[in-house]
2 protein chains.
Amino acid sequence: MSRITTPSRSLSLVGFDADDTLWKSEDYYRAAEKQFQAIVGEYIDITDPQLVGHLLAVERRNLGIFGYGAKGMTLSMLEAAIEMTAGRISTSDIRRILQLGHDTLRHPVQLLDGVREAVAAIAADYPVVLITKGDLFHQESKIERAGLHDVLPRIEVVSEKDPATYARVLAEFGVAAENFVMIGNSLRSDAEPVLELGGWAVHMPYALTWAHEQEHGVDAAHPRLRHVSQAAQWPQVVAAIAADIAAGAHG
Amino acid sequence: MSRITTPSRSLSLVGFDADDTLWKSEDYYRAAEKQFQAIVGEYIDITDPQLVGHLLAVERRNLGIFGYGAKGMTLSMLEAAIEMTAGRISTSDIRRILQLGHDTLRHPVQLLDGVREAVAAIAADYPVVLITKGDLFHQESKIERAGLHDVLPRIEVVSEKDPATYARVLAEFGVAAENFVMIGNSLRSDAEPVLELGGWAVHMPYALTWAHEQEHGVDAAHPRLRHVSQAAQWPQVVAAIAADIAAGAHG
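Being a predicted model, the structure only gives us computed values, none of them experimental. (Residues numbered from 1 in each chain as written. Chains lettered and ligands numbered in written order. Predicted model: local features only at pLDDT ≥ 70, side-chain atom pairs only at ≥ 80, totals over all residues. Heavy atoms only, no water.)

### Points about the side chain of His203 of chain B
Residues and elements named next belong to chain B. Position of His203 relative to the elements: it lies in strand β5 (residues 200–203). Among the polar contacts listed, one links the side chain of His203 to the backbone oxygen of Asn185, at a separation of 3.0 Å. Apart from residues lying up to four places away in sequence, His203 is in contact with Gly184, Asn185, Ser186, Leu187, Leu225, Arg226, His227 and Val228. (Helix = DSSP H or I, 4+ residues; strand = E, 2+ residues; numbered from the N terminus. Polar contact = N/O pair within 3.5 Å; in protein donor to acceptor, adjacent residues only side chain to side chain. Contact = heavy atoms within 4.5 Å.)

### Side note on the interface of chain B and chain A
Every contact between the two is made by 35 residues of chain B and, on the other side, 34 residues of chain A. Counting each side, the surface lost to burial between chain B and chain A is near 3,000 Å², with a carbon and sulfur contribution of 65%. Among the residues of chain B in contact with chain A, Ile65, Lys71 and Phe137 of chain B are the three that bury the most area, contributing 21% of the side total. At the surface where chain B touches chain A, the tally comes to four salt bridges. Asp135 of chain B is the salt-bridge partner of Lys71 of chain A, the closest N and O atoms lying 3.1 Å from each other. For the interface between chain B and chain A, the tally reads 12 residue pairs in polar contact (both at pLDDT 80 or more). At eight residues, the largest contribution of residues to the side of chain B that touches chain A is made by helix α3 (residues 70–84) of chain B. Among the residues forming the side of chain B that touches chain A, the class breakdown is 15 nonpolar, 10 polar and 10 charged. (Buried area = accessible area lost by both parts, 1.4 Å probe. Salt bridge = Lys/Arg side-chain N within 4 Å of Asp/Glu carboxyl O. Nonpolar A, V, L, I, M, F, W, Y, C, P; charged D, E, K, R; others polar.)

### A closer look at the relation of the copies chain B and chain A
When chain B is fitted to chain A, the residual RMSD is 0.0 Å, and the transformation amounts to a turn of 180° plus an axial shift of 0.0 Å. Both copies are brought into coincidence by an operation consistent with a two-fold rotation axis. The fraction of interface residues of chain B whose copies in chain A are also interface residues reaches 97%, indicating that both copies meet through the same surface. (Least-squares fit on C-alpha atoms with pLDDT ≥ 70 in both.)

The following block contains the structure:
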């Protein structure tokens, strides 16, 4: 009987993004933003070119202090509302914005079509990990409510999805980037840093993308990047990448 | 030459809490709370028995939605201020409370006396990990500013310090609770859950303790619990625990 040695070039870890990859998320943030505009719109003309984009500007200037997530969004909304109305916003409207934060933090967790079956199929063949950024507490709460723990027990909540973070996670798993594939909806967060490290990425766009995530430098034709439109395609594309890795294809 | 086999009973991991164990933290939260009372005190008598403790009550009712940390504290302060003043608080005072949140998130990180030397001495002999709860982004930012990365490269930011969380971290490290010691200032978060799992704990009280952390059921005379008053004592007490573990002492 011959012994099979695991080749050093083999798919060793499959990562999954969470928000807008496994479940709906941006819809709830977008709904909160609409309600924010409606509240502030009672005081000012929100189509004023000087005010359009002010919330995003406040969120961005606060990213280095708050990080990502709904709590930081709520605090930024409060700051933006006070600034945009020059302090005229009422306390009861401040309260409505605080309530938007609560609602966003407690939004229902609805898996996207075919996600459970696709993750389970991949987990049967490869080690898997969920890698998500945002508020630790909120992300853990959503993961629990999603009921995916049986197929996706390993979770990494990270504060930023950059090459350094992916390198740290891969080091913890003892996996080389060349043997790793990340599946997600954001070219900026799920594809670009992984490709930069030498890994593979599967992009599945979501109907909505936060403006901040739209900025990236990924070539859609990158040789280690695959594109799919639904979760049901994940197992097949992962198997194809595994075959490419085994064949020594480097893209 | 004889081969030394690592005994199954040996100290295999030393965990360190961060806030008020490695660096000052509660002082900044307490200062923010004082400023909050001063702001709200411009509207109401904050010594009114009906209002004393209202902020803590709001923070507690929100813990299950916000988790721990300065962003949740700020959102709870805003809610409490509106409730306590029956909506009379001005927008400019709302702004002052938002600023308290910014200040707390950016407080300086000052290591407590002897911490660097004590952690380095222990890290020379045993694997070490920092285990802290709170906002992922804020905790990572403080860890970076503390400059302890060279001696404490492994970090676990967790959303709650309960037995299940410690069990998960220990499983990731492949360490049995009996071979683990946790050093921290909170009997509730750093000692009780670890002792419950069968592990060891070193308690170093801090001058200030948040009311929420004062509730615990730890017997000060627990056989696997040690008490110290300064970081310089950590290496010695850890060595003594290692000896107890090696001797099969189970407390």
